[in-house]
Amino acid sequence: MILDPSTHRNLQSRKRFDALFAILCQSAAWVGVGLLVIFLTKIFIDGAGHLNWKFITSELSQRPGRTGIWPAVVGSLYVMILTTAISVPVGVAAAIYLEEFNRRKTKFINIVQLNIANLSGVPSVVYGLLGRVLFVYAFGFQQSIIAGALTMSLLILPTVIIVTQEALRAVPKSYRDCSMALGSTQWQAIRLQVLPNALPGILTGIILSISRAIGETAPLIVVGAASYVSFLPSSLGDKYTVLPIKIFDWANDSKNEFHSVAASAIIVLMVALLFINSFAIYFRARSQAKAKK
Amino acid sequence: MTVTPQTEKAVVAGPEEPRNRPTQKHVSLHLQRRIREGGIKLFCAMCAVLSIFVTFAIVYTLLTQALPFFAKVNLKDFFTGTEWQPTPEPGHYGILPLINGTLMITVGAGIFAVPLGLLSAIYLSEYAKPKVKAILKPALELLAGIPTVVYGYFGLFFVTPLIKQVLPETQAANALAGAIVVGVMILPLVSSLCEDAISSVPRALREGAQGLGATKAETTMKIVVPAALSGIVASFILALSRALGETMAVTLAAGSNPILTFNPTKGIETMTAYMVNTSKGDIETGSMKYLSIFAVGLILFLLTFSMNLFARRMVAKFKLNYQ
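Residues numbered from 1 in each chain as written. Chains lettered and ligands numbered in written order. Predicted model: local features only at pLDDT ≥ 70, side-chain atom pairs only at ≥ 80, totals over all residues.

1. What about the overall build of chain A?
Phase 1: Counting its regular elements, chain A contains eleven helices and zero strands.
Phase 2: Listed N to C, the secondary structure of chain A is α-α-α-α-α-α-α-α-α-α-α in terms of helices and strands.
Phase 3: Rg of the C-alpha trace for chain A: 25 Å, well past the compact-globule value of 19 Å for 293 residues, more than 25% over.
Phase 4: In terms of overall dimensions, chain A has a C-alpha envelope of 80 × 65 × 40 Å along the principal axes.
Phase 5: Evaluated residue by residue, chain A yields a buried proportion of 45% over its 293 residues.
Phase 6: In chain A, 72% of the contacts between residues at least 6 apart in sequence involve partners at least 24 apart. (Helix = DSSP H or I, 4+ residues; strand = E, 2+ residues; numbered from the N terminus. Rg over C-alpha atoms; globule rule 2.2 N^0.38 Å. Buried ≥ 20, exposed ≤ 12 C-beta atoms within 10 Å, placed from the backbone. Contact = placed C-beta atoms within 7 Å.)

Laid out in structure tokens, this is it:
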């Protein structure tokens, strides 16, 4: 049968297809990397001209040559810190309840779980609508930092819960058994054994969700973050703007000079995100090194 | 509330305490612990239930704002009208242009991201050596971590000029650029979800196929991909629902011009872009324009929610098959 020339040709074409398919898959995978490189280069070429320390620390201005981004940076910082302070305790507690206190998967828990998964898929702009009705009007926070931060907290809450659950699940069951066999209560086992061991995983996940929130723009526009403030926000009730909103505004501006300002602001935002994410990478590397020991 | 371990130890190991007989101190300590445990558990439970509350709050706010809108705008006109013109009052509210814009972006992004994402997932799971994987995966994660507004910038100032070189009549903001950048944005999602699905196919299936003489490509296309199909389809749906809800990139790159067109070189407006563009301006609370963003939000929410629910169902089914 091997000597039959038709089979031979058939085998050859099959092998050719095999090689071609491998090349196709490989090039598809590298498209992503290629795009990343092109994007970063484009941003750098467009934005490097404006970038200096004065750009970061100056006030906003209507003139492209003069404007800085400091109020937007401060606004982003406020929103980020407040969002973290609200969503992390709530999210971690919810994850502890779902993973630790309720190991039997009752029907109710399944519903909560499915609901969280679905919430994480709700478009961010819809959270903006919720925030506008709930926090801006019903709670009377107006267009303040606190209204924006609360909206952002609800937005990242599902993600925080999901990543924390994953980290908790990775801690072996024996840790809990051991601790409780030595007479600890369940909470003591969680606090003294499970949480410290899950901490790197939890931190990694939380940092990634926060960095997602920093880049998020739509819900803050809907809850009424300003696109221009002439002063630095000093309290939680103040009007504010954030870096992504300024980028959106400048990119949309009719003056061409503002487009390169937008690119400079993008560089600042991306560097900040990279800096924050490097912590996540560090924690992940450390926990992996620890797991190897 | 907080009893430190030291004080607990001191109480338990106190010198005069006779063993085995519960004393006043034992009982109160036990009680204290139970109250504390109960309190913490209750707090955690409340946080978990909060997520249910959030869902209800979303549905409630969307409904209470959208219902007055639908009292004034006929449902039939809303779903079949081809003109979306909120100003001047009373305005025309036919959602078809917005739906059409959203679908153009979603379908376009899908055409770009689905084949590329699937092929790169196959490469990552079946072909790539660990060293190559160590470069590719972080790069894809970085791509996924870029803020959406930045993608909008790429659409406006990188993709559109490229399109203009081929099609000179292209508008500054156009559906094609929007679809491409959204496609790039969901590419990492498609790729990582598909990879999860493909790599959870048991090895035995691959070995069986190769043992019967199939090439690697044949094994992948005829055995592995069909076996992972429900997971793969679920990841497509999840990614498309992300594209559907994507806001900033399309607001920048695809424009704010709600017209009913199938020409991808023209500016359009998606449902999400309408919500952002309208909220940016000064709108009077309770006005028709204000209420309309909630009506649009309700439609968007229902669409993405049902897509997600469907995808999760498929994933759950897929997991049952291989466990």
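2. Quick notes on the overall build of chain B
Phase 1: Helix and strand counts for chain B come out as 13 helices and two strands.
Phase 2: Relative to the globule expectation of 20 Å for 323 residues, the C-alpha radius of gyration of chain B, 28 Å, shows a markedly less compact shape.
Phase 3: The C-alpha extent of chain B, read off along each of the three principal axes, is 95 × 70 × 35 Å.
Phase 4: Taken over 323 residues, chain B has a buried fraction of 46%.
Phase 5: A separation threshold of at least 6 residues defines the contact pool for chain B, and within that pool the share at least 24 residues apart is 73%.

3. Some points on the environment of Ala22 of chain A
Phase 1: The residue Ala22 of chain A is located in helix H1 (residues 5–47) in this model.
Phase 2: Among the residues examined, Ala22 of chain A registers 18 C-beta atoms within 10 Å and is labelled partly exposed.
Phase 3: The residues touching Ala22 of chain A, leaving out its near neighbours within four places in the chain, are Tyr127 and Ala217 of chain B.

4. Brief notes about the domain arrangement of chain A
All names here are of chain A.
Phase 1: By the assigned domains, chain A splits into domain 1 (5–50) and domain 2 (55–292).
Phase 2: On a C-alpha basis, the centres of domain 1 and domain 2 stand 35 Å from each other.
Phase 3: Domain 1 puts six residues into the contact, and the matching count from domain 2 is seven residues.
Phase 4: In terms of residue class, the side of domain 1 that touches domain 2 is made up of two nonpolar, three polar and one charged. (Domains from an automatic or database assignment. Nonpolar A, V, L, I, M, F, W, Y, C, P; charged D, E, K, R; others polar.)

5. Topic: helix H9 (residues 216–227) of chain B
Side chains that are three or four residues apart share a direction in an α-helix, a result of its 3.6 residues per turn.
Phase 1: Considered for burial, the residues of H9 of chain B that qualify are Ala217, Thr219, Thr220, Val224 and Ala227 of chain B. Across the axial projection of H9 of chain B, the buried residues extend over an arc of 140°, all falling on one side. (Arc of directions from axis to C-beta.)

6. Examining the domain arrangement of chain B
Residues and elements named next belong to chain B.
Phase 1: Partitioning chain B into structural domains gives domain 1 (5–11 + 22–72) and domain 2 (84–321).
Phase 2: Using C-alpha coordinates to define each centre, domain 1 is positioned 37 Å away from domain 2.
Phase 3: Partitioned by chemical class, the residues of the side of domain 1 that touches domain 2 number seven nonpolar, one polar and one charged.

7. Describing the interface of chain A and chain B
Phase 1: Of the residues lining the interface, 68 residues belong to chain A; the matching set on chain B comes to 71 residues.
Phase 2: Here the side of chain A that touches chain B gets 19 residues from one element, more than from any other, and that element is H1 of chain A.
Phase 3: Among the residues forming the side of chain A that touches chain B, the class breakdown is 49 nonpolar, 14 polar and five charged.

8. Examining the confidence of the model for chain B
Residues and elements named next belong to chain B.
Phase 1: When the pLDDT values of chain B are averaged, the result is 86; 90% of them are 70 or greater.
Phase 2: In the model of chain B, helix H1 (residues 5–12) stands out as the element of lowest mean pLDDT, 46, in contrast to helix H4 (residues 96–127), which has the highest, 94.
Phase 3: As a predicted assembly, this complex carries a pTM of 0.87 together with an ipTM value of 0.89. (pLDDT = per-residue confidence, 0-100.)

9. Brief notes about unusual backbone geometry
All names here are of chain A.
Phase 1: At Gln142, a position not held by glycine, the phi torsion is positive, near 55°.
Phase 2: Inspection of the secondary structure assignment puts Gln142 in the loop between helix H5 (124–138) and helix H6 (145–169).
Phase 3: Given 15 C-beta atoms within a 10 Å radius, Gln142 is considered partly exposed.

10. Digging into the nonpolar core
Phase 1: Residues Ile247 of chain A together with Tyr153, Val181 and Val190 of chain B are the most contacted members of the largest nonpolar core, which totals 181 residues.
Phase 2: Of all the elements, helix H7 (residues 175–199) of chain B adds the most residues to this core, at 17 residues.
Phase 3: Aside from chain neighbours lying at most four places away, what touches Val181 of chain B is Tyr151, Phe154, Gly155, Val159, Ala249 and Ala253 of chain B. (Core = buried A, V, L, I, M, F, W, Y, C linked by C-beta atoms within 7 Å.)

11. Quick look at the packing of H5 of chain A against H6 of chain A
All names here are of chain A.
Phase 1: Where H5 meets H6, the axes come as close as 9 Å, and the angle between the chain directions of the two elements is 135°. Taken together, the axis directions place H5 and H6 in an arrangement best described as oblique. Like other packed secondary-structure pairs, H5 and H6 cross with a definite hand, here right-handed. Every residue of H6 that contacts H5 at Ser124, Tyr127, Gly128, Leu130, Gly131, Phe135 and Val136 is listed here: Ala147, Leu150, Thr151, Leu154 and Leu155. (Axes fitted to C-alpha atoms, helices over the stretch in contact; angles between N-to-C directions. Parallel < 35°, antiparallel > 145°, perpendicular 65-115°, else oblique. Left-handed = near helix turned anticlockwise from the far one by under 90°.)

12. Re the environment of Val114 of chain B
Phase 1: Along the chain, the position of Val114 of chain B falls in helix H4.
Phase 2: Ignoring any residue separated from it by four or fewer positions in sequence, one finds Val114 of chain B in contact with Val190 and Phe236 of chain B.

13. Thoughts on the packing of H7 of chain B against helix H10 (residues 229–245) of chain B
Residue and element names in this part refer to chain B.
Phase 1: The interhelical angle for the contact between H7 and H10, taken along N-to-C directions, is 155°, at an axis separation of 9 Å. Between H7 and H10, the angle is such that the two are roughly antiparallel. The two elements H7 and H10 meet at a crossing, and its hand is right-handed. Within the contact between the two elements, H7 uses Val182, Ile186, Leu189, Val190, Leu193, Cys194 and Ala197 and H10 uses Gly231, Ile232, Ser235, Phe236, Leu238, Ala239, Arg242 and Ala243.
Phase 2: Of the residues belonging to the contact of H7 with H10, the class tally is twelve nonpolar, two polar and one charged.

14. Some remarks on helix H8 (residues 186–215) of chain A
Phase 1: When the terminal C-alpha atoms of H8 of chain A are compared, their 38 Å separation across 30 residues is substantially less than the 44 Å that a helix rising 1.5 Å per residue should span.
Phase 2: Residue Leu199 of chain A marks the point of greatest curvature in H8 of chain A, where the axis turns by about 55°; the proline Pro200 of chain A follows within four residues. (Expected span 1.5 Å × (residues − 1). Bend = angle between axes of the 7 residues up to and from the residue.)

15. Observations regarding the environment of Ala285 of chain A
Phase 1: Note on placement: Ala285 of chain A falls in helix H11 (residues 257–292).
Phase 2: Sequence-wise, Ala285 of chain A and Thr204 of chain A are 81 residues apart; in three dimensions their C-alpha atoms are separated by 10.0 Å.

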